[in-house]
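Structure at a glance
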Amino acid sequence: RKKRKRKRRKQGGGGPETAKEGKTNLMLFNPRGIFGKTTSKEAVIKQFMSQHGVDFAGIVESHTYRDHLSDKQWRWDPGVERRPSKKEDHPSGGIGMFVDRGLMHSIVRAGTYVAWNRVEVQQNDPIFVAVCYFPHSTDTKKHKKAWKELEEGLDDFRHLGHVAIMGDFNAHTGLDASKVDTAGRLLLAHAERLDIHILNGTPTCRGTTTRTVEHTD
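We now turn to the structure provided with this report. (Residues numbered from 1 in each chain as written. Predicted model: local features only at pLDDT ≥ 70, side-chain atom pairs only at ≥ 80, totals over all residues. Heavy atoms only, no water.)

**Looking at the packing of aromatic side chains**
Considering all chains together, one arrives at six aromatic pairs under this definition. Arranged with centres 5.1 Å apart and planes meeting at 50°, the rings of Trp116 and Phe157 form a pair that is tilted. Taken together, the residues span a long stretch of sequence, with Trp116 in strand 6 (residues 114-119) and Phe157 in helix 2 (residues 140-157) at a distance of 41 residues. Summarising the aromatic geometry, the rings of Phe134 and Phe169 are spaced 4.8 Å apart at their centres and angled 70° between planes, so their arrangement reads as edge-to-face. (Phe/Tyr/Trp six-rings, centres within 6.5 Å; stacked < 30°, edge-to-face > 60°. Helix = DSSP H or I, 4+ residues; strand = E, 2+ residues; numbered from the N terminus.)

**Brief notes about the packing of helix 2 against helix 3 (residues 182-193)**
Closest axis-to-axis distance for the helix 2/helix 3 pair is 10 Å, and the angle between their directions is 20°. It follows from the interaxial angle that helix 2 and helix 3 lie roughly parallel. As helix 2 runs across helix 3, the sense of the crossing is right-handed. The residues of helix 3 that touch helix 2, namely those facing Thr140, His143, Lys144, Trp147 and Glu151, are Thr182, Ala183, Leu186, Leu187, His190 and Arg193. A per-class count over the contact of helix 2 with helix 3 returns four nonpolar, four polar and three charged. (Axes fitted to C-alpha atoms, helices over the stretch in contact; angles between N-to-C directions. Parallel < 35°, antiparallel > 145°, perpendicular 65-115°, else oblique. Left-handed = near helix turned anticlockwise from the far one by under 90°. Contact = heavy atoms within 4.5 Å. Nonpolar A, V, L, I, M, F, W, Y, C, P; charged D, E, K, R; others polar.)

**Regarding the nonpolar core**
The biggest cluster of nonpolar side chains holds 18 residues, and the ones touching the most others in it are Phe56, Ile95, Met97, Val129, Val131 and Met166. Of all elements in the fold, only strand 1 (23-29), strand 2 (56-60), strand 4 (95-100), strand 6, strand 7 (127-133) and strand 8 (162-168) reach the threshold of two or more residues within this core. With four residues, strand 7 is the largest single contributor of residues to this core. For Met166, the residues in contact, after removing those within four places along its chain, are Leu26, Met27, Leu28, Phe56, Gly58, Val129, Ala130, Val131 and Cys132. If you look at the next biggest cluster of nonpolar residues, it comprises 16 residues, including Phe134, Ala146, Trp147 and Phe157. (Core = buried A, V, L, I, M, F, W, Y, C linked by side-chain atoms within 4.5 Å. Buried < 20%, exposed > 50% of the residue type's maximum accessible area, 1.4 Å probe, protein only.)

**A closer look at the pattern of salt bridges**
For the coordinates displayed, the defined rule picks out seven salt bridges. Between Lys46 and Asp71 there is a salt bridge, and its shortest N-O distance comes to 3.0 Å. Within this pair, whereas Lys46 is found in helix 1 (residues 42-51), its partner Asp71 is found in the loop between strand 2 and strand 3 (74-80), the two being separated by 25 residues in sequence. Overall, Lys46 belongs to the buried group, its relative accessible area being 9%. Residue class for Asp71 comes out partly exposed when judged on its relative accessible area of 30%. Measuring nitrogen to oxygen at the nearest pair gives 3.1 Å for the salt bridge that ties Asp77 to Arg75. (Salt bridge = Lys/Arg side-chain N within 4 Å of Asp/Glu carboxyl O.)

Encoded structure:
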């Protein structure tokens, strides 16, 4: 009997996954649903990432469920999804990640409010990236649950490498001259207690509506 050789499927544009060398660009974006009423925002997000050299993008309020968003350059990894219902074809909420196929990455934990990712960096410790989507600012009880979930992951991963936390916290801290709300006070208190350095408003964090964080070896 002749043996058939199995062909190895080629990776996309980014090539085989490898540990990132040099600069790693991280992005967080809330599109309020990748699929708009008339058009998809998927192409716009990918184009922005390509233009700005983004390696990893956390997407919150993705409103996706088993949607095939990967292509030759980008891999879509759903971290947290909700099942569709009769009222919602694309359910609200959701956390997912667009990752350059050339980046070595894995989801190491996915909870209700936080998806933790491990990104490998050459000649350095890995980066553990938390992508967060917190409840509405008025729901203090759920905000406390979300912070507990984030803190548990932080305790587990911060001693294994670098940690970057990003997300839509649905909190006002007064940075943009808005009034500080209860969720904002919770954020500031937890940041101080957990020794988290807030990058919003610093040169490291670029952008207003969309912010990107840069990590360099």
